[in-house]
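Structure at a glance
Residues per chain are reported as follows:
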Amino acid sequence: MKIAGMPTSPVRDLCMYNLFIGCALTIAANLTFMDKLLLRMDIDLGLFGTIKGVMFLIPAIIYQFLVTFLKRARRDVQICAVSYFLRVLLPVLLPFMAMLTDNRKLLTLGSITLLPLGMLFAVIANNTLMTIYRKVIPQEKFNYSIGIINMCLAMPTYLIGLPFAWLLDKLEHLNNFDYFLVFGIAQLATLAFEIPAILFIRKVKVPYSATESIEKPDMLSPYRDPKLKLVLLINVLHRIVSGLMIAYITVYFLEAVKFSMTTLLTISITLGLLSTFSMPHAGKIMDRWGYDRFFIIITGVMLTGFVLFITLGKSWFILPLFALFCWDCSASPVGSWLNMGTYSASAKLANQNDLNAAVAAYSICFNGGLSAGLLLASGLFAISGWLSGGTLEERLHTYFLLTLPFFILLLGTTLYFRKVNGKEA
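Here the residue numbering is sequential within each chain, running from 1 through the sequence in written order. The predicted origin of the model limits local features to residues at a pLDDT of at least 70 and limits the giving and counting of side-chain atom pairs to 80 or more, whereas totals for whole chains, interfaces and linings rest on all residues. Hydrogens and water are ignored here; the side-chain numbers use all heavy atoms of the structure.

Thoughts on the overall build of the protein chain
How we decide: Helix numbering and strand numbering both begin at the N terminus, where a helix is a DSSP run of H or I of at least 4 residues and a strand a DSSP run of E of at least 2. Values of the radius of gyration come from C-alpha atoms, whereas the globule rule sets the reference at 2.2 Å times the count of residues to the power 0.38. Remark: exposure states derive from per-residue accessible area (1.4 Å probe, protein chains only) relative to the maximum for the residue type, with buried under 20%, exposed over 50%, and partly exposed in between. We call two residues in contact whenever any of their non-hydrogen atoms come within 4.5 Å of each other.
Counting secondary structure elements, the protein chain contains 17 helices and zero strands. Whereas a compact globule of 425 residues would reach a radius of gyration of roughly 22 Å, the protein chain reaches 21 Å, a difference of no more than 12%. A principal-axis box enclosing the C-alpha atoms of the protein chain has dimensions of 60 × 45 × 40 Å. The buried share among the 425 residues of the protein chain stands at 57%. By sequence separation, contacts in the protein chain at least 24 residues apart represent 83% of the contacts at least 6 residues apart.

In structure tokens, the structure reads:
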């Protein structure tokens, strides 16, 4: 199967795999939909950060103990296929659980169990894919190819998500049982896209060295590498600010600003499409400029967008700039470019012999940083209640003000990375 403008196999097969995986992940991996589900389940708002924090932290820790086993299995393709299937399947159980009980304690326990389990298999799948990319993608066009692959992964999620968001808005009047039934059936429907995805990933042939299954990876080597350890630090700080924003940005626009799900998803989808189609160009820029200059510009623009939001957020012309430059620090074009940059840098700058250790380090920093941000969000949300007025909008504005130092620290770290490793990165 040949697609015009798409790289040749195996990159082509990886693009098609990610295209169908993106369809399968439309609901299960979209935090906007998960937030809506948790709100409908009447989960305590103050626990949102905690639930998401556990969802990202525990899988990252568990993965560290699985690295050696996964490496010695020499079954990257099979591991990736099975893990993504389970990643989509497990969250499907949550709306069906909500159909059986309205006990908040049980639903909270279900959320804090099923969502982390799904994320565990997401971590395994994502990290296995990273090792596959490093082994089969030509290094001279590595970032550009990663950009195209990420574009294929993100595009269907946004395109399919909008009709479902519109449907949820139209069905808001349904009783809880019927609402959760529609939600669960929609998740099951997306699971069907796993079938063509598996057919494409099976075509990818991954080369293995003779000693690869024997050598035990040095898990600390990435933290000793002068280039990688700063990339990992940038990754941690980026994920912390992402967690701080993800925890309450959806709540802010749904509950304080009173956006509908359709409006909010339209914004998210617009940002997603802009991010998706710009990824190959961002990859070219990284190949040309190097990571050091790229990181500084990206984090500077992100900080600018956030400052505009907390100072002039009620002005109608600020929202588009905030959305493009920052939003939740991951879904915006600028945030997604930084995600892609730290992702590709962690693989490309790693020594081939330490690739599995570098992937594990990236994972613990990515998920650990995001978890730290989400857990910190619950604390900052409590503090904002002591410092602000009585309305939710005032409290959330104070909350966002409290997150500003973390954005500044992120920019400062990229400046230090430029100073220390600029000529080499």
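A few points about the packing of aromatic side chains
We describe a pair of aromatic rings using the distance from one ring centre to the other and the angle between the two ring planes. Just so we agree on the cut-off: Paired rings are identified among Phe, Tyr and Trp, the last through its six-membered ring, by centres lying within 6.5 Å, and are further divided according to the angle between planes into stacked (under 30 degrees), edge-to-face (over 60) and tilted (the rest).
Under the counting rule described, the total for this entry stands at 24 aromatic pairs. Centroid distance Phe 20 to Phe 200: 6.0 Å. Interplanar angle 20°. Geometry classified as stacked. With Phe 20 in helix H1 (residues 11-24) and Phe 200 in helix H8 (residues 194-201), the pair connects residues that are 180 residues apart, well separated along the chain. In terms of burial, Phe 20 and Phe 200 fall into one category: buried.

Things to note about empty space enclosed by the protein
For clarity, the threshold we go by: A cavity here means a set of points on a 1 Å grid, drawn over the protein atoms and nothing else, where a 1.4 Å probe fits but cannot get out; a pocket is an open set with protein on both sides within 12 Å along at least five of seven lines, and a residue lines either one if it has an atom within 4 Å of a point. Grid points are joined across faces, edges and corners, and a volume is the space filled by probe spheres set on the points. All residues other than Ala, Val, Leu, Ile, Met, Phe, Trp, Tyr, Cys, Pro, Asp, Glu, Lys and Arg, Gly among them, are scored as polar; the first ten of these are nonpolar and the last four charged.
Applying the stated criterion across every chain, the model contains two cavities of 30 Å³ or more. Roughly 100 Å³ of internal volume is contained in the second largest cavity. Those elements that place two or more of their residues in the lining of the second largest cavity are helix H3 (48-73), helix H4 (76-100) and helix H5 (104-136). When its residues are assigned to classes, the lining of the second largest cavity shows five nonpolar, four polar and five charged.

Notes on the confidence of the model for the protein chain
Do not read the fine detail of predicted coordinates wherever pLDDT is low. For clarity, the threshold we go by: A score from 0 to 100, pLDDT tells how confident the predictor is in each residue.
Of the residues in the protein chain, 93% have a pLDDT of 70 or more, and the chain-wide mean is 84. Across residues 1-7 the pLDDT falls below 50, and counting only partners more than four positions away or on other chains, this stretch makes eleven contacts in the model.

A short note on the packing of H5 against helix H14 (residues 333-348)
Short version of the rule: Axes here refer to lines fitted to C-alpha atoms; in helices the fit is confined to the stretch in contact. Angles between the N-to-C directions go from 0 to 180 degrees. With respect to orientation, any angle under 35 degrees is reported as roughly parallel, any angle over 145 as roughly antiparallel, any angle of 65 to 115 as roughly perpendicular, and every other angle as oblique. Two helices crossing with the near one rotated counterclockwise from the far one by less than a right angle form a left-handed crossing, whereas a clockwise rotation gives a right-handed crossing.
The interhelical angle for the contact between H5 and H14, taken along N-to-C directions, is 60°, at an axis separation of 10 Å. On the basis of their axis angle, the class for H5 and H14 is oblique. Along this stretch, H5 crosses H14, giving a crossing that reads as right-handed. Along its contact with H5, which presents Asn 126, Leu 129, Met 130, Tyr 133 and Arg 134, the element H14 presents Tyr 343, Ala 347 and Lys 348. Across the contact of H5 with H14, the residue classes tally to five nonpolar, one polar and two charged.

So, helix H16 (residues 392-402)
Within H16, burial applies to Leu 396, Thr 398, Tyr 399 and Phe 400. Where the residues of H16 are buried, they touch helix H10 (228-256), helix H12 (291-312), helix H15 (355-387) and helix H17 (404-421).

What about the environment of Phe 253?
As for its placement among the helices and strands, Phe 253 is situated in helix H10. Since its relative accessible area comes to 3%, Phe 253 is described here as buried. When near neighbours in sequence (up to four residues on either side) are disregarded, Phe 253 contacts Lys 258, Phe 259, Leu 264, Leu 319, Phe 322 and Trp 327.

Let's talk about the environment of Val 307
Within the secondary structure layout, Val 307 lies in helix H12. A sequence separation of 97 residues divides Val 307 from Leu 404, and the C-alpha atoms of the two residues are 7.9 Å apart.

Looking at the side chain of Thr 108
With respect to the element layout, Thr 108 can be found in helix H5. Setting aside residues up to four positions removed in sequence, Thr 108 forms contacts with Ile 43 and Leu 47.

Quick look at the pattern of salt bridges
Rule in force here: Counted as salt bridges are all cases of a side-chain nitrogen of Lys or Arg within 4 Å of a carboxyl oxygen of Asp or Glu.
Applying the stated criterion to the full structure yields six salt bridges. One salt bridge in this structure joins Asp 292 and Arg 418, with 2.2 Å as the shortest N-O distance. Separated by 126 residues along the polypeptide, Asp 292 in helix H12 and Arg 418 in helix H17 bring together distant segments of the chain. One salt-bridge network, held together by shared partners, links Lys 36, Arg 40 and Glu 172.

Here we look at the packing of H1 against H4
As a packed pair, H1 and H4 sit with axes 10 Å apart at the nearest point and diverge in direction by 20°. Accordingly, the angle class assigned to the pair H1 and H4 is roughly parallel. For the element pair H1 and H4, the recorded crossing hand is right-handed. Together, Tyr 17, Ile 21 and Ala 24 of H1 and Cys 80, Ala 81, Tyr 84 and Val 88 of H4 make up the contact between the two elements. Partitioning the contact of H1 with H4 into residue classes produces seven nonpolar, no polar and no charged.

Notes on H8
Rules: What the arc measures is the spread of directions leading from the helix axis to the C-beta atoms.
Of all the residues in H8, the buried ones are Glu 194, Ala 197, Phe 200 and Ile 201. Along the long axis of H8, the arc covered by the buried residues comes to 125°, so they all point the same way. The exposed set on the far side of H8, more than 90 degrees from its buried face, consists of Ile 195 and Leu 199.

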